[in-house]
Amino acid sequence: MKRILLFLATNLAIVVVLSITLRLLGVEKILDAQGTGLNINSLLIFAAVFGFGGSFMSLALSKWTAKRFTGAQVIEMPRNAHEHWLVTTVQRQAAAAGIGMPEVAIYDAPDVNAFATGMSRNDALVAVSTGLLNTMSQDEAEAVLAHEVSHIANGDMVTLALIQGVVNTFVIFLSRVIGHTVDRVIFKTEEGHGPAFWITNIVAEIVLGVLASIIVMWFSRQREFRADAGGASLAGRAKMIAALRRLQLVHEQAHLPNQLAAFGISGGSNGFSRLFMSHPPLEERIAALEARH
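Nothing here was measured: the structure is a model prediction, and the numbers come from that model.

A.B. asks: Give me the lowdown on the overall build of the chain, citing residues and values where you can.
C.D. replies: A count of helices and strands for the chain gives eleven helices and four strands. A total of 293 residues make up the chain; the buried ones form 44% of that total. Sequence separation of 24 or more characterises 69% of the internal contacts of the chain that already satisfy a separation of 6 or more. Just so you have it, the chain exposes about 15,900 Å², and 63% of that area is on carbon and sulfur atoms.

See below:
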């Protein structure tokens, strides 16, 4: 319940700030002075403010929300040899990658996972799950850390925020153009906007949003290949491949029965579902590393 309230509070804050910004810019209305046609300039600004504003405000809050949603505890002062190894390993990798020292955190979860987030290369967070620490060898965990440090060094968080901002802008802009056109051409509304505009706008946003997510996920998969290559450079190709093979083994052990596979959260690696995957299939990532010289 606490996590849901934090999520709602964050999104409410974003909406309030964006609404105030739009009013200050005088572009809260997308119709022209006569109320008959679209004010394209206002609509573009409206779409860009919401498209980029939401994306970058989420990025700015990413460390805060990640810590609270996962319960990640930042290692301020290592309490044992294990935590000391985590901090010194990330410190060494960050220096090699030419970035500022990220915060290092551990979160309690059975999943074999890790993530990196943050607003910039010099103000980031690397977090690993207890499931990963309990499952992987030290060499494998080192490679996972190197992968996450590479994400930060490559500026992947900012890059994906930019891409998300662009596609959000197009979704907001085009959905309102479609809604306006349907309202005027089919339902013959002459002034203002009728119910057809709002219904069509919502439907168009959903459809265009799905198409936009395919674009964002494609870019995300390419960044994963690049982070794997960076992880191999920092920790060694053999360790990176070993870490991916360990993930592959864990996924196989957790494989759902055939009758339930279609309802699994991870989805398949083939067919239509592939378009919505944020990460490439592990076998493809391993093959890409094995092909590197």
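There is more to say after this.
A.B. asks: How would you summarise the sheet that holds strand E4 (residues 123–129) if you had to cite specific residues and measurements?
C.D. replies: With mixed pairing, the four strands of this open sheet are ordered in space as E1-E2-E4-E3. Of all strands in the sheet, those with a lone pairing partner are strand E1 (73–74) and strand E3 (114–120), marking the two edges. Running over the sheet, helix H3 (residues 62–70) touches E1, strand E2 (103–107), E3 and E4 and is turned about 150° from E3.

A.B. asks: Which residues make up the packing of helix H6 (residues 138–153) against helix H8 (residues 195–235), and what are the values?
C.D. replies: Where H6 contacts H8, the two axes come as close as 7 Å, and the packing angle between them is 125°. With respect to each other, H6 and H8 are oriented oblique. Between H6 and H8 lies a crossing whose hand is right-handed. Contact residues: Glu142, Ala143, Ala146, His147, Val149, Ser150 and His151 in H6; Arg223, Glu224, Ala227, Asp228, Gly230, Gly231, Leu234 and Ala235 in H8. Here the contact of H6 with H8 is built from residues that sort into six nonpolar, five polar and four charged.

A.B. asks: Tell me about unusual backbone geometry, and name the residues and values.
C.D. replies: Even without a glycine there, the phi angle at Lys188 is positive, about 60°. Mapped onto the elements of the fold, Lys188 is located in the loop between helix H7 (156–185) and H8. Given the relative accessible area of 58%, Lys188 is considered exposed.

A.B. asks: So what's going on with the packing of aromatic side chains? Residues and values would help.
C.D. replies: On inspection of all chains with the given rule, the structure shows four aromatic pairs. Measuring from ring centre to ring centre gives 5.1 Å for Phe46 and Phe50, while their planes differ by 45°; the resulting arrangement is tilted. One end of the pair is Phe46 and the other is Phe50, both in helix H2 (residues 40–60) and four residues apart, which spans about a single turn. Measuring from ring centre to ring centre gives 4.7 Å for Phe197 and Trp198, while their planes differ by 80°; the resulting arrangement is edge-to-face.

A.B. asks: An account of the packing of H2 against H7 is needed here, citing residue identities and associated values.
C.D. replies: Close contact between H2 and H7 brings their axes to 8 Å; oriented N to C, the two are set at 145°. The handedness of the crossing between H2 and H7 is right-handed. For the contact of H2 with H7, a count of residues per class yields 18 nonpolar, six polar and one charged.

A.B. asks: Tell me what's going on with the environment of Glu284, and back it up with residues and numbers.
C.D. replies: Looking at the secondary structure, you find Glu284 in helix H11 (residues 282–290). Owing to a relative accessible area of 30%, Glu284 belongs among the partly exposed residues under this scheme. Sequence-wise, Glu284 and Phe225 are 59 residues apart; in three dimensions their C-alpha atoms are separated by 9.0 Å. When sequence neighbours within four positions are dropped, the list of residues in contact with Glu284 reads Phe225 and Arg274.

A.B. asks: How would you sum up a nonpolar patch on the surface? Please name residues and give values.
C.D. replies: On the surface, a cluster of nonpolar side chains totalling about 330 Å² of accessible area is made up of Val166, Phe170, Leu174 and Ile178. Here Val166 is to be found in helix H7.

A.B. asks: Describe the confidence of the model for the chain, listing the residues and the values that go with them.
C.D. replies: Looking at the chain, pLDDT values average 84 and 81% of them are 70 or higher. Below pLDDT 50 for its whole length, residues 1–9 participates in eight contacts with residues either more than four positions away or in separate chains. Here residues 254–268 is modelled with pLDDT under 50, and outside its nearest four sequence neighbours on either side it reaches four contacts, counting other chains as well.

A.B. asks: Describe the pattern of salt bridges, naming the residues involved and giving the relevant values.
C.D. replies: A complete count under the given rule lists 15 salt bridges for this structure. The closest approach of N and O atoms between Arg184 and Asp183, which form a salt bridge, is 3.6 Å. Asp183 shares its class with Arg184; the two are buried.

A.B. asks: Break down the nonpolar core for me, with residues and values.
C.D. replies: By size, the foremost hydrophobic cluster in this structure holds 40 residues, and its most contacted members are Leu86 and Leu132. With eight residues, the single largest contributor to this core is H6. Residue contacts for Leu132: discarding those within four places in its chain leaves Asp111, Val112, Asn113, Ala114, Ala141 and Val144.

What counts and how
- Residues numbered from 1 in each chain as written.
- Predicted model: local features only at pLDDT ≥ 70, side-chain atom pairs only at ≥ 80, totals over all residues.
- Heavy atoms only, no water.
- Helix = DSSP H or I, 4+ residues; strand = E, 2+ residues; numbered from the N terminus.
- Buried < 20%, exposed > 50% of the residue type's maximum accessible area, 1.4 Å probe, protein only.
- Contact = heavy atoms within 4.5 Å.
- Areas by Shrake-Rupley, 256 points an atom, 1.4 Å probe, with all protein chains shown as cover.
- Pairing = 2+ DSSP bridges.
- Axes fitted to C-alpha atoms, helices over the stretch in contact; angles between N-to-C directions.
- Parallel < 35°, antiparallel > 145°, perpendicular 65-115°, else oblique.
- Left-handed = near helix turned anticlockwise from the far one by under 90°.
- Nonpolar A, V, L, I, M, F, W, Y, C, P; charged D, E, K, R; others polar.
- Phe/Tyr/Trp six-rings, centres within 6.5 Å; stacked < 30°, edge-to-face > 60°.
- Patch = residues over 30% accessible without salt bridge, like charges linked within 9 Å, V, L, I, M, F, W, Y side chains within 5 Å.
- Salt bridge = Lys/Arg side-chain N within 4 Å of Asp/Glu carboxyl O.
- pLDDT = per-residue confidence, 0-100.
- Core = buried A, V, L, I, M, F, W, Y, C linked by side-chain atoms within 4.5 Å.

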